[in-house]
Amino acid sequence: MTMGYALYSGWPSVVPAWATVGGLAATLLIGAVAGLYPAIRASRLSPTEALSTP
């Protein structure tokens, strides 16, 4: 977002590459954990029980 606004305004982009890569890596890690934890919990239950639990 910052880079897009800077390019739109004619300013040089000053976002370091490590910050972009770090943000992407953190997003992928948090998303994987947030999706994996409920999936592992549900895999331990029977299908009907997993669907009926909130």
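Enquirer: It is not clear to me how the overall build of the protein should be interpreted in this structure. Could you clarify?
Expert: The helix and strand inventory of the protein stands at 3 helices and 0 strands. Secondary structure elements of the protein occur, N-terminal to C-terminal, as α-α-α. Taking 54 residues into account, the globule formula puts the C-alpha radius of gyration at 10 Å, and the protein, at 20 Å, lies well above it. With respect to the principal axes defined by its C-alpha atoms, the protein has extents near 55 × 20 × 10 Å. When burial is assessed residue by residue, the protein has 2% of its 54 residues classed as buried. Just so you have it, the protein exposes about 4800 Å², and 74% of that area is on carbon and sulfur atoms.

Enquirer: What is the right way to read a nonpolar patch on the surface from this model?
Expert: Together, Y5, Y8 and W11 line one region of the surface with nonpolar side chains, adding up to about 460 Å² of accessible area. If you trace the backbone, Y5 turns up in helix α1 (residues 2-9).

Enquirer: Looking at this model, I keep getting lost on the environment of P38. Mind explaining?
Expert: Positionally, P38 belongs in helix α2 (residues 17-43). Along the chain, P38 and M1 lie 37 residues apart, while their C-alpha atoms are 31 Å from each other.

Enquirer: Sorry if this is basic, but what is going on with the confidence of the model for the protein here?
Expert: Atomic detail in the predicted coordinates should be set aside for any region of low pLDDT. Per-residue confidence for the protein gives a mean pLDDT of 88; residues scoring 70 or more make up 96%. Looking across the protein, the model is least confident in helix α3 (residues 47-52), with a mean pLDDT of 81, and most confident in α2, with 92.

Enquirer: Help me out: how do you make sense of the packing of aromatic side chains in this one?
Expert: Each pair of aromatic rings is reported with the distance of its centres and the angle of its planes. For the coordinates displayed, the defined rule picks out 1 aromatic pair. With centroids separated by 5.5 Å and ring planes inclined at 80 degrees, the aromatic side chains of Y5 and W11 adopt a geometry described as edge-to-face. Residue classification places W11 among the partly exposed residues on the basis of a relative accessible area of 49%.

Enquirer: Looking at this structure, how should I read the environment of I40?
Expert: Note on placement: I40 falls in helix α2. Placed 12 residues apart in sequence, I40 and S52 show a C-alpha to C-alpha distance of 16 Å.

Thresholds, definitions, all that
Residues numbered from 1 in each chain as written. Predicted model: local features only at pLDDT ≥ 70, side-chain atom pairs only at ≥ 80, totals over all residues. Heavy atoms only, no water. Helix = DSSP H or I, 4+ residues; strand = E, 2+ residues; numbered from the N terminus. Rg over C-alpha atoms; globule rule 2.2 N^0.38 Å. Buried < 20%, exposed > 50% of the residue type's maximum accessible area, 1.4 Å probe, protein only. Areas by Shrake-Rupley, 256 points an atom, 1.4 Å probe, with all protein chains shown as cover. Patch = residues over 30% accessible without salt bridge, like charges linked within 9 Å, V, L, I, M, F, W, Y side chains within 5 Å. Salt bridge = Lys/Arg side-chain N within 4 Å of Asp/Glu carboxyl O. pLDDT = per-residue confidence, 0-100. Phe/Tyr/Trp six-rings, centres within 6.5 Å; stacked < 30°, edge-to-face > 60°.

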